[in-house]
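What follows is each chain in one-letter form.
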Amino acid sequence: MFIGTEKLTHTYMPGTPFSTEALQDVSFNFQKGEFALILGPSGSGKSTLIQHLNGLLRPTSGQVIFDGAIVGSNKRELLHLRRRIGLVFQIPEEQFFSESVYDEVAFAPRNLGLDEKVVAERVEEALQKVGMQVNTVKSWHPFRLSAGQKRLVAIAAVLSLKPEVLIFDEPSVGLDPAGKKNIFNLLKDLNQKDGLTIIISTHHLDEAAVLADRVLVLKQGRLVMFGSADYIFAQRKRLNELGLALPQVTEIMHSLVEKGLPVSTEVYTLEQAKSEIKNIKRRN
Ligand SMILES: Nc1ncnc2c1ncn2[C@@H]1O[C@H](COP(=O)(O)OP(=O)(O)O)[C@@H](O)[C@H]1O
Ligand SMILES: [Mg+2]
């Protein structure tokens, strides 16, 4: 097991009238290098689970496992964990606090006590990864960036720690279609070119489906489906019952199959759909 949980339960405000069991008995594991999705409707426990994977919350019972070891509670261990597992919060730009893009991205490596020269290298490299030139953007004020640029700077701020795992809580919320596409292309490159393990939570599948290797589905704090992306996405009816829709193009392919057309339903992008549909003509 690379990263996962064993019988993880999390209760908010236990022993009070407001007690909420946000996770119950959740067990799963993701492998190194995978692109993994945590799917589920709003309130199903996605953000709670993600905070456990980064050691920000402590289990009420059960365990979080990373790289073969139980995630402990001592401060040094947790700091080490957070260096290896980067977490990008939902709408991360809401937490910007620096006066410049440079300082925002430099914050985490400076916090590690790295030499300012090493920090500069980290900042340049992280900005480059998200498609920004340090000399162009370093003195810009983070609040004056576009929504898409803010999201990229927030990702660079986590990449500056050189993590092995990147976890994103709903990475495309609040972005326009071009901004979304940009973020998912970046996630794809970080996974496929840089070999980072990527875990994202989402409540809708459109952009994420084509990238996914493994999928976990939560409903009211319980794990209700877990497996390879193809295995999960083949269960359209079950997903629909859970309030989750397949990508729009995939739904269309299912409608074509219902009309008796010989197309694959393992289609998650417009390009794949076009080529499937072209192939029908050839067969006839
Ligand atoms: N800080 C908190 N205090 C109390 N209850 C919370 C807190 N955060 C989340 N919850 C509750 O835990 C459940 C799961 O929430 P969350 O993990 O945010 O789900 P999701 O990210 O899937 O929307 C919900 O019922 C939510 O109201
Ligand atoms: Mg959430």
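Residues numbered from 1 in each chain as written. Chains lettered and ligands numbered in written order. Predicted model: local features only at pLDDT ≥ 70, side-chain atom pairs only at ≥ 80, totals over all residues. Heavy atoms only, no water.

Caption draft 1: Summary view of the domain arrangement of the protein. In terms of domains, the protein is made up of domain 1 (3–97 + 162–245) and domain 2 (247–284). Taken over C-alpha atoms, the centre of domain 1 sits 30 Å from the centre of domain 2. Every contact between the two is made by nine residues of domain 1 and, on the other side, nine residues of domain 2. Summed over both sides, the interface between domain 1 and domain 2 buries roughly 870 Å², with carbon and sulfur atoms accounting for 49% of that surface. (Domains from an automatic or database assignment. Contact = heavy atoms within 4.5 Å. Buried area = accessible area lost by both parts, 1.4 Å probe.)

Caption draft 2: Here's a closer look at the site of ligand 1. In the neighbourhood of ligand 1, the contacting residues comprise Tyr12, Met13, Thr20, Ala22, Pro41, Ser42, Gly43, Ser44, Gly45, Lys46, Ser47 and Thr48. Between ligand 1 and Gly43 there is a distance of 2.7 Å, counted from an oxygen atom to a backbone nitrogen or oxygen. The separation between an oxygen atom of ligand 1 and a polar main-chain atom of Gly45 is 3.1 Å. A total of 560 Å² of accessible area belongs to ligand 1 in isolation, and the protein chains cover 62% of it. Breaking the shell around ligand 1 down by element, the ones donating at least two residues are strand E2 (20–30) and helix H1 (46–53). When residues of the shell around ligand 1 are assigned to their parent elements, the largest contribution, three residues, is made by H1. When its residues are assigned to classes, the shell around ligand 1 shows four nonpolar, seven polar and one charged. (Near = heavy atom within 4 Å. Polar contact = N/O pair within 3.5 Å; in protein donor to acceptor, adjacent residues only side chain to side chain. Areas by Shrake-Rupley, 256 points an atom, 1.4 Å probe, with all protein chains shown as cover. Helix = DSSP H or I, 4+ residues; strand = E, 2+ residues; numbered from the N terminus. Nonpolar A, V, L, I, M, F, W, Y, C, P; charged D, E, K, R; others polar.)

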